[in-house]
Amino acid sequence: MKAINTIKDSANIGLGILSAAFGLKGFLLSSHFIDGGATGVSMLIFDITSIPISILIFVINVPFLWIGYRKLGLWFAIKSTIAIALLALCLALVSFPDVTHDKLLTAVFGGVFIGTGSGLAMRGGAVLDGTEIAAVLVSKKTQLLKVSDFILLLNVLIFGVAASVLGVEPAMYSILTYMAAAKMIDFLLNGIEQYSGVTVISTKSDAIRRAITVTLGRGVTIYQGKSGYGKDGHVNDPRDIVFTVATRLEIPSLKQTILRIDPKAFIVQQSIDDTTGGLLKRKKLH
């Protein structure tokens, strides 16, 4: 099993490197568009100084790799270092065709291929851009900034510099590239089966629990609670609170089932970034 996982991780990282390199050399570099993060900084410096992009990508990521080694472990740092080094070699040695000169297509599909590459590398347990490592560290040090906030502020700075150096139009296309890449990373990491947590507060919680577990084949967790203020006027009335996790494709059916049992049920839905353990996949119904 360990060997199979290693092969899968290596395949994901390898395909990610090829995809990211194709996005850079086949679309973005010839049009002077950039991406966000360390890759974007490398591309920006390349446009200003003509230092080879392959050297810049590796050198600029070295401090982030050191942080990754200190905070996330040796194995993560080794895999990420190898991945970024191979990306640098691929950019230096492999030729890719310049696919299109259309600016909109270049921005969108360049971002798609770079995002696909980064997402596949992450699924393989490595990164091709080290800024997210720094973002995690900053978010732990301060309560004012989340990971997404730090990345957003960093990219605002990068694209602001790009607007002054490359011009406003290339900077705007670069923002489009970054958005396309971010969407692809999110899709590859979460997929179409992104999970949502659903909390149900109802006087008919036992019937709802049976419907979710038996009819829909989902696992549930029951919390003990009391009503505070509701339409039924009962205060401090004991209630069983039902919590379950479902894919976003299953949410409409889940809500219909709950409301069919209790039209007055209070349903709270929230996005879930990741889950570990538990009954997440649908059980086989007999």
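None of these values were measured; they are calculated from a predicted model.

How each quantity is defined
- Residues numbered from 1 in each chain as written.
- Predicted model: local features only at pLDDT ≥ 70, side-chain atom pairs only at ≥ 80, totals over all residues.
- Heavy atoms only, no water.
- Helix = DSSP H or I, 4+ residues; strand = E, 2+ residues; numbered from the N terminus.
- Buried < 20%, exposed > 50% of the residue type's maximum accessible area, 1.4 Å probe, protein only.
- Contact = heavy atoms within 4.5 Å.
- Pairing = 2+ DSSP bridges.
- Axes fitted to C-alpha atoms, helices over the stretch in contact; angles between N-to-C directions.
- Parallel < 35°, antiparallel > 145°, perpendicular 65-115°, else oblique.
- Left-handed = near helix turned anticlockwise from the far one by under 90°.
- Nonpolar A, V, L, I, M, F, W, Y, C, P; charged D, E, K, R; others polar.
- Expected span 1.5 Å × (residues − 1).
- UniProt positions renumbered as here; feature names shortened; annotations may be inferred.

(A) How the structure looks around the side chain of S19. Within the element layout of this structure, S19 appears in helix α1 (residues 2–31). On the basis of relative accessibility, which here comes to 11%, the residue S19 falls in the buried class. Those residues in contact with S19, other than ones at most four positions away along the chain, are F113, I114, T116 and G117.

(B) The arrangement of the pairing of strand β1 (residues 195–201) in detail. The buried count for β1 comes to six of seven residues, which makes it a mostly enclosed element. The pairing of β1 with strand β3 (residues 238–247) spans seven bridges and is antiparallel. Paired with S196 across the two strands is A246, which belongs to β3. For β1 and strand β4 (residues 266–271), the ladder comprises six bridges, and the chain directions are antiparallel.

(C) Geometry of the packing of helix α9 (residues 205–215) against helix α10 (residues 251–261). Running from amino to carboxyl end, α9 crosses α10 at an angle of 150 degrees, the nearest separation of the two axes being 10 Å. Overall, the two elements α9 and α10 adopt an arrangement that is roughly antiparallel. Every pair of crossing elements has a handedness; the one defined by α9 and α10 is right-handed. Here A207, I208, A211 and I212 of α9 come into contact with α10, specifically with L254, T257, I258 and I261. Tallied by class, the residues present in the contact of α9 with α10 amount to seven nonpolar, one polar and no charged.

(D) Seen up close, helix α2 (residues 37–49). In this model α2 runs 18 Å from its N-terminal to its C-terminal C-alpha over 13 residues, within 8% of the 18 Å that 1.5 Å per residue would give. Burial in α2 covers these residues: G37, A38, T39, G40, S42, M43 and L44. Just downstream of α2 lies S50, where phi reads positive at about 65 degrees.

(E) The UniProt feature "transmembrane region" (unreviewed entry) in the protein chain, seen in detail. Mapped onto the present numbering, the UniProt feature "transmembrane region" (unreviewed entry) falls at residues 12–34, 40–60, 72–96 and 150–176. With 87% helix and 0% strand, the stretch residues 12–34 has end C-alpha atoms that lie 24 Å from each other. In residues 72–96, helix accounts for 84% and strand for 0%; the two terminal C-alpha atoms are 34 Å from one another.

(F) A look at the sheet that holds strand β2 (residues 220–226). Across the sheet, which stays open at both edges, the four strands sit in the order β2-β3-β1-β4 with antiparallel pairing between neighbours. Looking along the sheet, the strands with just one partner apiece sit at the ends: β2 and β4. In this sheet, adjacent strand axes meet at a mean angle of 25 degrees when their direction is disregarded. Those strands touched by α10 are β1, β3 and β4, and its axis lies near 165 degrees from that of β4.

(G) The arrangement of the pairing of β3 in detail. When you tally the buried positions in β3, you get eight out of ten residues, the bulk of the element. Here β2 runs beside β3; their pairing, made up of seven bridges, is antiparallel. Looking across to β3, one finds that I222 is bridged to V242.

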